[in-house]
Amino acid sequence: MTGVQTCALPICQRLAEKNYSAAVQAWDLAVLIQPANAEAYYGLAAAAAGNHETGRAFEALQRAVANGFRDPDRIEHDAVFESLRKDPRFAAAISKMTR
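Note that the structure is predicted; figures quoted are calculated from it, not measured.

With that out of the way, let us pick up the packing of aromatic side chains. Overall, the coordinates contain 2 aromatic pairs when judged by the stated rule. With a centroid separation of 4.8 Å and 15° between ring planes, the pair formed by Y42 and F69 is classed as stacked. Of this pair, Y42 sits in helix α3 (residues 38-50) while F69 sits in the loop between α4 (54-66) and α5 (72-77); the two residues are 27 residues apart in sequence, bridging distant segments of the chain. Between Y42 and F81, the aromatic rings sit 5.6 Å apart at their centres with planes inclined by 65°, giving edge-to-face as the arrangement. Highlighted residues: Y42 in helix α3 and F81 in the loop between α5 and α6 (88-97), separated in sequence by 39 residues. Each of the two residues, Y42 as well as F81, counts as buried.

In structure tokens, the structure reads:
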């Protein structure tokens, strides 16, 4: 389950329905509208990871951290990030959150 699934907004529902391509488009728009919103970047990272866009997922995750995202437990337990966990960039992102 993704952490953003707890919201009732249509943008979150795309993730809940595993419609990752549509979710990427929606979260792209969200970060354009609110470029300093860490949660929007987290949503984009989750959508991109689910859509098998590894590079894009890490870029969004790095921007989430840069904008204040500080919940390593959430990322570590979010199933959508499973495919990224063995990549060294995942550990680096977690490390930046705990500094």
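Here the narrative resumes, following the displayed structure.
Right, let's get into the confidence of the model for the chain. Model confidence for the chain is summarised by a mean pLDDT of 89, while 92% of its residues fall at 70 or above. Averaged pLDDT values for the elements of the chain fall to 80 in helix α1 (residues 10-16) and rise to 97 in α4.

Quick look at the packing of α4 against α6 now. Running from amino to carboxyl end, α4 crosses α6 at an angle of 10°, the nearest separation of the two axes being 10 Å. Here α6 runs roughly parallel to α4, going by the angle between their axes. Contacts from T54, G55, F58, L61 and V65 in α4 reach R89, F90, A93, K96 and M97 in α6. Considering only residue class, the contact of α4 with α6 consists of 6 nonpolar, 2 polar and 2 charged.

Counting through the fold element by element, D78 comes out in the loop between α5 and α6. A residue is classified by how much of its surface remains accessible, and D78, at 1% relative accessible area, is buried. Note: C-alpha distance between D78 and A46 (32 residues apart in sequence) is 8.5 Å.

A complete count under the given rule lists 6 salt bridges for this structure. Ionic pairing is found between E39 and R74, a salt bridge with its closest N-O pair at 2.9 Å. Within this pair, whereas E39 is found in helix α3, its partner R74 is found in helix α5, the two being separated by 35 residues in sequence. Of the charged contacts, one joins R63 and E59 as a salt bridge, the two residues approaching to 3.7 Å between their closest N and O atoms. Taken as a pair, R63 and E59 lie in helix α4 at a separation of 4 residues, close to a single helical turn. Each of D28, E53 and R56 takes part in one network of salt bridges that share partners.

So, how was this worked out
Residues numbered from 1 in each chain as written. Predicted model: local features only at pLDDT ≥ 70, side-chain atom pairs only at ≥ 80, totals over all residues. Heavy atoms only, no water. Phe/Tyr/Trp six-rings, centres within 6.5 Å; stacked < 30°, edge-to-face > 60°. Helix = DSSP H or I, 4+ residues; strand = E, 2+ residues; numbered from the N terminus. Buried < 20%, exposed > 50% of the residue type's maximum accessible area, 1.4 Å probe, protein only. pLDDT = per-residue confidence, 0-100. Axes fitted to C-alpha atoms, helices over the stretch in contact; angles between N-to-C directions. Parallel < 35°, antiparallel > 145°, perpendicular 65-115°, else oblique. Contact = heavy atoms within 4.5 Å. Nonpolar A, V, L, I, M, F, W, Y, C, P; charged D, E, K, R; others polar. Salt bridge = Lys/Arg side-chain N within 4 Å of Asp/Glu carboxyl O.

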